[in-house]
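# Descriptive structure summary
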Amino acid sequence: MPSNARKKFPDATRSRAARPALLLDWYDRHRRRLPWRAAAGERPDPYRVWLSEIMLQQTGVKTVGPYFEKFLARWPDVASLGRASLDDVLRMWAGLGYYSRARNLHACAVAVWRDHGGVFPDTEEGLRALPGIGPYTASAIAAIAFERRTMPVDGNIERVVSRLYAVEEELPKAKPRIQALAATLLADANAGHATSRAGDSAQALMDLGSSICTPKKPACSLCPLNEDCAARARGDQENFPRKAPKKPGALRRGAAFVVTRGAELLVRSRPEKGLLGGMTEVPGSDWLAGQEDRAALKQAPALAGATRWHRKAGVVTHVFTHFPLELVVYTARVPATTKAPKGMRWVPIATLSQEALPNVMRKAIAHGLGE
């Protein structure tokens, strides 16, 4: 047999038992330093683990870092966060996106504070009973914070596992198989460790996917599992995980109305439920596919006296998870005596940074107030 036969055809039977140890050895040398991660030998703080996991949903580490530090400085534990108002939490979250996470974060903190004495449940079942904690997040907290023997599978782990085993089935159908294969990479609880190191096993795979097994141009030569990777042996590792083509959402169109009263801006709060629930916005039209500008303008806020609307050149674009959006921006200046319509309010333009404005509204306001 040629000397390179093992590299071309990985011996899955031989290597499977060794993989968890190889991962942990690599992790002990190369683990990332993250503000929410406990140092080697330290016990993880469940509050930090939970807070980071909620923030990291569909958001990168670099973006989350400053928000995590800001939240921790304002609310150092779950009890203080549970006592905070939802408005304060939304203001602090503004700009991070996917605002249902902020509402769920607050609801969960309230539940842990009121119903559990400020202590997180230490099982997946108990965690899943809390608001905003689904199967993945419950598994991640249980493993990382409480050393429960479970393997959470995020995007990084999904990529590593699908390449390691050359999982041909497309996502999302492949998820159950990837989950089962990922569980084989958990460290053996009886392998001489003081704990199961389930949390370290999960974080090792997360770090491997983030720093080595990247979506494009993975650094396979540095990977501790490279000799056993089926996709690398075939030379098509960048083609994993297999993904079904996404169907783009239809473009929606609407209007945003930027109304100023001297140094004040007219705003309102969105309904608590639904897209951008509870966030602050300038008045606007519905967001509909194929909506014409004339139809959107008819939905302008009713202000006392004659209002002259000026359409700003260009449009504001924003992409949500399920659809792209284009907003035409109309501006108007009203007298100092103008009252805010029902459900709206005037806020100082100088203090807009303190409002819970989502990014799409920040863009619309900047466009409307720009010269």
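A few points on the structure. Sequence order as written defines the numbering, with residues in each chain counted from 1. Selection of residues for local features in this predicted model requires a pLDDT of at least 70, selection of side-chain atom pairs for listing and counting requires 80 or more, and totals for whole chains, interfaces and linings are taken over all residues. Water and hydrogen atoms play no part in the side-chain values, which are based on all heavy atoms of the structure.

## What about the overall build of the protein?
Going along the chain from the N terminus, every DSSP run of H or I of four or more residues is numbered as a helix, and every run of E of two or more is numbered as a strand. Regarding its fold elements, the protein presents 16 helices and eight strands. Across its three principal axes, the protein shows a C-alpha extent of roughly 90 × 50 × 30 Å. To sort residues, take the accessible area from a 1.4 Å probe on protein chains only and compare it with the maximum for the residue type: under 20% means buried, over 50% means exposed, and anything in between is partly exposed. When each of the 371 residues of the protein is scored for burial, the buried share is 47%. Within the protein, residue pairs in contact and separated by at least 24 positions form 67% of the contacts whose partners lie at least 6 positions apart. For the accessible areas, the method is Shrake-Rupley and the probe is 1.4 Å, while residue cover comes only from the protein chains on display. As displayed, the protein offers around 19000 Å² of accessible surface, 52% of which is attributable to carbon and sulfur atoms. Side-chain charges in the protein split into 55 positive and 36 negative, and the spacing between the mean points of these groups amounts to 6 Å. The contact criterion used is simple: two residues touch if any of their non-hydrogen atoms lie within 4.5 Å. When charges are counted, neither His nor the chain ends are considered; positive counts come from Lys and Arg and negative counts from Asp and Glu. Where a charge lies is defined by one atom per residue type, namely NZ (Lys), CZ (Arg), CG (Asp) and CD (Glu).

## A word on empty space enclosed by the protein
Only protein atoms enter the 1 Å grid, on which a cavity is a set of points fitting a 1.4 Å probe that cannot get out and a pocket is an open set with protein on both sides within 12 Å along at least 5 of 7 lines, lining residues being those with an atom within 4 Å of a point. Grid points are joined across faces, edges and corners, and a volume is the space filled by probe spheres set on the points. This model, assessed by the stated rule, comprises one cavity of 30 Å³ or more. Roughly 140 Å³ of internal volume is contained in the largest cavity. Lining the largest cavity we find 15 residues, and of these Arg 163, Cys 213, Cys 220, Cys 223 and Cys 229 sit closest to its centre. The element contributing the most residues to the lining of the largest cavity is helix H11 (residues 155-164), with three residues. Here the term charged refers only to Asp, Glu, Lys and Arg, the term nonpolar to Ala, Val, Leu, Ile, Met, Phe, Trp, Tyr, Cys and Pro, and the term polar to all other amino acids, Gly among them. For the lining of the largest cavity, the per-class residue count stands at eleven nonpolar, two polar and two charged.

## Re the environment of Trp 75
Take Trp 75: it is sitting in the loop between helix H5 (61-74) and helix H6 (78-83). With relative accessibility at 5%, the residue Trp 75 sits in the buried group. For the pair Trp 75 and Val 89, spaced 14 residues apart in the sequence, the C-alpha separation amounts to 9.8 Å. The contact partners of Trp 75, leaving out residues within four places of it in the chain, are Tyr 47, Ser 80, Leu 81, Ala 84, Asp 88, Val 89 and Met 92.

## Observations concerning the side chain of His 106
Residue placement: His 106 occurs in helix H8 (residues 100-115). Those residues in contact with His 106, other than ones at most four positions away along the chain, are Leu 81, Gly 82, Ala 84, Ser 85, Leu 86 and Val 89.

## Overview of the state of the cysteines
We call a pair of cysteine sulfur atoms a disulfide when they lie within 2.5 Å. Under the definition given, this model contains zero disulfides. Of the cysteine sulfurs around Cys 223, a residue in no disulfide, the closest is that of Cys 213, at 6.3 Å.

## Let's talk about the pairing of strand E7 (residues 324-333)
In terms of residue burial, E7 counts as a mostly covered element, since seven of its ten residues are buried. Only when DSSP finds a minimum of two bridges between them are two strands counted as paired. The pairing of strand E1 (residues 252-261) with E7 spans nine bridges and is classified as parallel. The residue bridging Phe 257 from the neighbouring strand is Tyr 330, located in E7. Sheet analysis places strand E5 (residues 310-311) next to E7, joined by two bridges and oriented antiparallel. Counterpart to Arg 311 in the pairing with E7 is Tyr 330.

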